[in-house]
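Take a look at the letters that make up each chain.
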Amino acid sequence: MDAPLVFTESDEHIHPTHLPLRLIAAGTAGNVMEWYDFAVYGYFAATIGRHFFPSSDATTSLIAAFGVFAAGFLMRPLGGVVFGHIGDHVGRKAALTISVLAMAIPTFLIGILPGYAVLGPTAAVLLVILRMIQGLSVGGEYTTSIVFLVEGAGRNHRGFAGSWSGFGATGGMLLGSAVGALVTLTLSRGEVASWGWRLPFLAGLFVGLAGLYIRRHIPELPHPKADSSAGSPVWQALRTHWRTILRIGLLNVINGVGFYVSFVFLVTYMQTIGKLSEAAALEINTVNMIALLAMFPVAGWVSDRIGRKPLLIAGIGGLLVLSWPLFWALHHPSSASWNFAGQLGFAVLIGLFGGALPVTMVETTPREVRCSAISVGYNLCVGVLGGMTPMVATWLIQRTRDDLAPAYYIMAAALISLVIAVSLPKMTKAEA
């Protein structure tokens, strides 16, 4: 019987009444590294496309660059299987430590990788391989950190604790955006196009080493090991809790589409459609990511008091209704204020459901296969949709000749996830 599960008293351990800061630091450190790199790649996609996929058509190069972005995401389901097994069978700490290394090293190598002009097609192949390794890492990092944070928190702070996983991921993307803005502000356009785009990737090595240091000095939280006689934890999850996995995947459809349109694709959109400079687009993106950053813990805190479901419905339903008006605001060439307002609307709505989504996933899965179930469900959805979203959004505009086409893509995703959110059982307050 694959009925939704909720936390019980047997889940309580370690910190029943408070939320330790060390837990937050350890849970978010790797996410900062993981998403810093993915953000930097997305923000400099046009430049990377020219270096590794030269073409007389700029749009073709951009689609190819976003295709490599998608290739990394397509490895996330496999990464979810690998790191889900490690997290459930060996321990949460082991999975988190290995994943941060698997991101830091390829990030540095991308920064020193010669382009097409030097290596020819080999350069593109090597870029794809490095992105695939990073995709494996991300497939295990984010979901394992969610489990680590929520399990280590007291029962009155689960929503708030889980929201810091999104805070870390967004913080990494914010750091990538800020570093990108700094590079474009301090270097000339020619210097950025020639070699400046590499600097954020090289700096990522130091971010990764800092995350590794923090992870190596955290205690392992006790957790029930999966039954080895029943096969791998992933197989147990697929066999006995496949409906829960499916529910997690469908609930994250809007996460995969909405987030990557709003904070990866829109940087390019504001330049190509909004006619803003690269520096202006990155500056707007940075400020709005600060707003999103603030929304996550606020939404998580509120969910501990009124429940998870109201926030999920409000945020996802808001995207269903308001995505077109927000894209209309973005469709004001050379108007920084309109572009800022449009992206800010997306930040608020994504923050509403994003702050409550992590704890919802953890509270609806059994502890012994929790890493595996969440990793498979989340990564099958976000790995496919999230990675392909910038490329699909670019293709939709090119195909339909409608600059507002990405709004319909978000609305369709929101409708799917809203149906799942509405059908969830009433999520009780954390203190119940």
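Presented here is an overview of the structure given in this document. (Residues numbered from 1 in each chain as written. Predicted model: local features only at pLDDT ≥ 70, side-chain atom pairs only at ≥ 80, totals over all residues. Heavy atoms only, no water.)

1. Concerning helix α11 (residues 233–240)
Pro233, Val234, Gln236 and Ala237 are the residues of α11 that are buried. Looking down the long axis of α11, one finds its buried residues gathered within 165 degrees of arc, a one-sided arrangement. Its buried side turned inward, α11 meets α4 (76–89), α12 (242–251) and α17 (370–400). (Buried < 20%, exposed > 50% of the residue type's maximum accessible area, 1.4 Å probe, protein only. Helix = DSSP H or I, 4+ residues; strand = E, 2+ residues; numbered from the N terminus. Arc of directions from axis to C-beta. Contact = heavy atoms within 4.5 Å.)

2. Notes on the packing of helix α15 (residues 309–330) against helix α18 (residues 405–423)
α18 packs onto α15 with a crossing angle of 160 degrees between their chain directions and a minimal axis gap of 9 Å. Accordingly, the angle class assigned to the pair α15 and α18 is roughly antiparallel. As for the relative orientation of α15 and α18, their crossing is left-handed in sense. Here Lys309, Leu312, Ile313, Ile316, Gly317, Leu319, Leu320, Ser323, Trp324 and Phe327 of α15 come into contact with α18, specifically with Pro406, Ala407, Tyr408, Ile410, Met411, Ala414, Leu415, Ser417, Leu418, Ala421 and Val422. Residue composition of the contact of α15 with α18, by class: 17 nonpolar, three polar and one charged. (Axes fitted to C-alpha atoms, helices over the stretch in contact; angles between N-to-C directions. Parallel < 35°, antiparallel > 145°, perpendicular 65-115°, else oblique. Left-handed = near helix turned anticlockwise from the far one by under 90°. Nonpolar A, V, L, I, M, F, W, Y, C, P; charged D, E, K, R; others polar.)

3. Let's talk about a nonpolar patch on the surface
A cluster of nonpolar side chains, contributed by Val118, Leu119, Val125, Leu126, Ile129 and Ile133, occupies part of the molecular surface with about 470 Å² of accessible area. Secondary structure elements with two or more residues in the nonpolar patch: α6 (116–119) and α7 (121–152). The biggest single contributor to the nonpolar patch is α7, with four residues. Tracing the sequence through the fold places valine 125 in helix α7. (Patch = residues over 30% accessible without salt bridge, like charges linked within 9 Å, V, L, I, M, F, W, Y side chains within 5 Å. Areas by Shrake-Rupley, 256 points an atom, 1.4 Å probe, with all protein chains shown as cover. Salt bridge = Lys/Arg side-chain N within 4 Å of Asp/Glu carboxyl O.)

4. A short note on the nonpolar core
With 103 residues, the main nonpolar core has Trp35, Leu127, Tyr269, Leu319, Phe327 and Phe346 as its most contacted residues. No other element matches helix α13 (residues 253–272), which puts 13 residues into this core. With residues near it in sequence (within four places) discarded, phenylalanine 346 still touches Ser262, Leu266, Leu319, Ser323, Leu326, Phe327, Leu330 and Ile410. Judged by nonpolar contacts, the second largest core, of seven residues, contains Leu23, Leu96, Phe148 and Trp164. (Core = buried A, V, L, I, M, F, W, Y, C linked by side-chain atoms within 4.5 Å.)

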